[in-house]
Amino acid sequence: MTNEEEKEKVDETAETAAEETKKQEETETENTKTEDTAKEISAEETSEENSEPSAEDELLSMKEQLEESENKYLKLYAEFENFKRRNRQETELNNKYKDQKFAEDLLPVIDNLERALAIKGTDESFNALHKGVEMVYNNLVETLEKHEIKAIEALNQPFDPNFHQAVMTEESDTESDIVIEEFQKGYILKDRVIRPTMVKVSE
C-alpha cells in the first residue's frame, strides 16, 4: 500500500469517527431535550394538581361557610328576639300607665274641689252647695281609684323623698323628719308617682 492510499484510509477513518462523534452528540442533545420536556410536563402536572383543591379542602371550606351562615342566623335571631322583647315591654309599660295623662289633667280639678270644700259657711244654701261639691269630689276620687290612682298618705308619716316634696321645715315637739302639714296632695298611679305631696317637715 502506498503512502497516498494510507493517507486516504486514515482520513476516511478520521471522518467516520468524527461523524460518529457528531451523531452521538446529537443523540445526547435530543435525550437532554426529551428529559427537559418531560420535567416541564411533570412540573406543569404537579402545579395543576396543587392548584386544584382536594376533596378535604373543599369539605373544610364548606364547613367554614356553614358555620359563618349559622353565626349570622343566630345573631339575627338574637337581635329579633331582643326587638320583640323591647317592643313587648314598651307595650306593657304603655298599657300599665295609659291613664297617667288622664290623671294629670284631672288633678287640678280635684285641687280646686278640695279648696272649695275647705271654705266654711253656715247658711242653708251654702250647706247645700257644699254637699253637692262634696258629692262631685267623692265621685271623682272613686273614679280615680278604679283606675288605680290613689292619694299619697303623708300627714304624720316619716318624710320620704320618693313620695314627698318638702317646701318648709319647722321645729316641733315630735321627732324629726315627720310630715306635720300637707299643702297639696300627691298621687300615685299603681307604683309610679304622678305628683309628690307638698309638705312641711319637722326638724
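Quick notes on the rules
- Residues numbered from 1 in each chain as written.
- Predicted model: local features only at pLDDT ≥ 70, side-chain atom pairs only at ≥ 80, totals over all residues.
- Heavy atoms only, no water.
- UniProt positions renumbered as here; feature names shortened; annotations may be inferred.
- Helix = DSSP H or I, 4+ residues; strand = E, 2+ residues; numbered from the N terminus.
- Buried < 20%, exposed > 50% of the residue type's maximum accessible area, 1.4 Å probe, protein only.
- Contact = heavy atoms within 4.5 Å.
- Expected span 1.5 Å × (residues − 1).
- Pairing = 2+ DSSP bridges.
- Axes fitted to C-alpha atoms, helices over the stretch in contact; angles between N-to-C directions.
- Phe/Tyr/Trp six-rings, centres within 6.5 Å; stacked < 30°, edge-to-face > 60°.

As recorded in an unreviewed UniProt entry, the protein chain goes by Protein GrpE and comes from Jeotgalicoccus nanhaiensis. Annotation of the protein chain in UniProt includes, under Subcellular location (unreviewed entry), the sentence "Cytoplasm". UniProt, in its Sequence similarities (unreviewed entry) section for the protein chain, records the words "Belongs to the GrpE family."

Engineer: A description of the overall build of the protein chain should follow, citing residues and the corresponding values.
Structural biologist: What the protein chain contains, in helices and strands, is four helices and six strands. In sequence order, the secondary structure elements of the protein chain are arranged as α-α-α-α-β-β-β-β-β-β. Within the protein chain, the proportion of its 203 residues that are buried is 15%. Within the protein chain, contacts between residues separated by at least 24 positions form 61% of all contacts whose residues are at least 6 apart in sequence.

Engineer: So what about helix H4 (residues 124-146)? Which residues, and what values?
Structural biologist: Across its 23 residues, H4 extends 33 Å between first and last C-alpha, which sits within 8% of the 33 Å expected from 1.5 Å per residue. Those residues of H4 not exposed but buried are Val133, Tyr137, Leu140 and Leu144. Contacts from the buried residues of H4 go to helix H3 (100-118) and strand S1 (149-151). Positive backbone phi, approximately 60°, marks Glu148, located one or two places after H4.

Engineer: Describe in detail the sheet that holds strand S5 (residues 192-195), supporting the description with residues and values.
Structural biologist: If you walk across this open sheet you meet the three strands as S1-S4-S5, and the pairing is antiparallel. Strands with a single pairing partner mark the edges of an open sheet, and in this sheet they are S1 and S5. Sheet twist, expressed as the average angle between the axes of neighbouring strands with direction ignored, equals 35°. Pairing of strand S4 (residues 187-189) with S5, which is carried by three bridges, proceeds in the antiparallel orientation. Of the residues in S5, the one forming a bridge with Leu189 is Arg192. Running at roughly 45° to S5, H3 makes contact with S1, S4 and S5 of the sheet.

Engineer: Tell me about the packing of aromatic side chains, and please be specific about residues and values.
Structural biologist: Under the definition given, this model contains one aromatic pair. Taking the centre distance of 6.1 Å and the plane angle of 25° together, the rings of Tyr73 and Tyr77 count as stacked. One end of the pair, Tyr73, and the other, Tyr77, are both in helix H2 (residues 55-96), four residues apart, so they sit about a helical turn from each other. On the basis of relative accessible area, Tyr73 is assigned to the exposed category, the value being 53%. A relative accessible area of 44% places Tyr77 in the partly exposed class.

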